[in-house]
Amino acid sequence: MADTLFAPDESAMHAIGAALAARIRPGDVIGLSGGLGAGKTTLTRGLLSALGLAGEAPSPSFAIVQPYDPPLVRMPVAHVDLYRIDEPEDVEELGLDEYLEDGALVIEWPGRMGNRIWPDALLLDIAVEPDGARRLTATVPFAWRDRWPPL
Ligand code: ADP
Ligand code: MG
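The structure displayed is predicted, hence computed values, not measured ones. Residue numbers restart at each chain and count upward from 1, following the sequence in its written direction. Labels are handed out in written order, letters beginning with A for the chains and numbers beginning with 1 for the ligands. Per-residue local features are limited, in this predicted model, to residues with pLDDT of at least 70; the limit for side-chain atom pairs, both in listing and counting, is 80 or more; totals at the level of whole chains, interfaces and linings are taken over all residues. Side-chain numbers here rest on the full set of heavy atoms in the structure, without hydrogens or water.

1. Points about the coordination of the magnesium ion (ligand 2)
Any N, O or S atom lying within 2.8 Å of the metal counts as a donor, and for Na, K and Ca the limit rises to 3.2 Å; water is left out, so some sites can look incomplete. The coordination sphere of the magnesium ion (ligand 2), as far as protein atoms go, consists of T41 (OG1) and E108 (OE), spread over 2.1 to 2.3 Å. Highlighted residues: T41 in helix α2 (residues 40–50) and E108 in strand β5 (residues 104–108), separated in sequence by 67 residues. Across the pair, E108 and T41 agree in class, each one buried. Think of it this way: any DSSP run of H or I at least four residues long counts as a helix, any run of E at least two long counts as a strand, and we number them from the N terminus. With a 1.4 Å probe rolled over the protein chains alone, any residue whose accessible area is under 20% of its type maximum counts as buried; one over 50% counts as exposed, and the rest are partly exposed.

This is the structure in structure tokens:
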């Protein structure tokens, strides 16, 4: 199932992240693709703040994996940015599976891990429209069928 969401501005992008936060469960993987500046981190910040994170989440690029755990957030979420991963096998050493035991993953640049992406990941591809709005094209797996659309 594929579906499209529109975010005309940054606050709408935040709201989509917040709506996903209301539905996310331990074991979930959300992949966010789209070019630099598409809004992947903006959506992730909306999700994290809806999970209770106070203040703004840093861009994780320098860390690759930025975990957030209770009591900062109501459920563990690791924010992952694979932009600097050159080879799909390089994700192995990140140990991402461990985060899924009791939490969820939000992954920017999931294409960098090639076919190592989990088959039941919710994939959102963000495109910038001519007027600057963002169009999110979702690939909705079976695991999300009763949680879609999120808003
Ligand atoms: P990415 O993580 O994809 O590189 P960021 O979220 O860091 O992108 O930056 C996106 C930029 O675009 C920010 O300046 C943000 O304010 C802006 N932005 C995010 N979502 C939207 C939107 N729906 N419409 C217009 N601008 C947006
Ligand atoms: Mg980013």
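Structure shown, so let's carry the discussion forward.
2. Focus on the site of ligand 1
Summary of the distance rule: residues count as near a molecule or strand when at least one heavy atom falls within 4 Å of that molecule or strand. The environment of ligand 1 is formed by 16 residues, the closest being A7, E10, G37, K40 and T42. Think of a polar contact as two N or O atoms within 3.5 Å of one another; within protein, one of them needs to be a possible hydrogen donor and the other a possible acceptor, and neighboring residues in sequence only count if both atoms come from side chains. Between G37 and ligand 1, the recorded distance is 2.8 Å, taken from a backbone N or O atom to an oxygen atom. At a separation of 2.7 Å, an oxygen atom of ligand 1 approaches a polar side-chain atom of K40. Working definition of accessibility: Shrake-Rupley area with a 1.4 Å probe, residue cover restricted to the visible protein chains. For ligand 1, the accessible surface in isolation is 570 Å², of which the surrounding protein chains cover 74%. Among the elements that make up the shell around ligand 1, the one with the highest residue count is α2 (3 residues).

3. Topic: the packing of helix α1 (residues 10–21) against α2
Two elements in contact, α1 and α2, have axes separated by 7 Å at closest approach and are oriented at 50 degrees. Relative to α2, α1 is oriented oblique. For α1 against α2, the interelement crossing comes out right-handed. Facing α1, whose interface residues are E10, M13, H14, I16, G17, A18, L20 and A21, α2 presents T42, L43, R45, G46, L47, S49 and A50. Per-class residue counts for the contact of α1 with α2 are 8 nonpolar, 5 polar and 2 charged. With axes taken as lines fitted to C-alpha atoms, and helix axes fitted only over the stretch in contact, angles between N-to-C directions fall between 0 and 180 degrees. The scheme is simple: roughly parallel for angles under 35 degrees, roughly antiparallel for over 145, roughly perpendicular for 65 to 115, oblique for anything else. Each helix crossing is assigned a hand: it is left-handed if the near helix lies turned anticlockwise from the far helix by less than a right angle, otherwise right-handed if that turn is clockwise. Only heavy atoms enter the contact rule, under which two residues are in contact if any of them lie within 4.5 Å. Under the scheme applied here, ten amino acids are nonpolar (Ala, Val, Leu, Ile, Met, Phe, Trp, Tyr, Cys and Pro), four are charged (Asp, Glu, Lys and Arg), and all others, including Gly, are polar.

4. A look at the environment of P141
Note on placement: P141 falls in the segment after β7 (134–139). Sequence separation between P141 and D102 is 39 residues; the distance between their C-alpha atoms is 20 Å.

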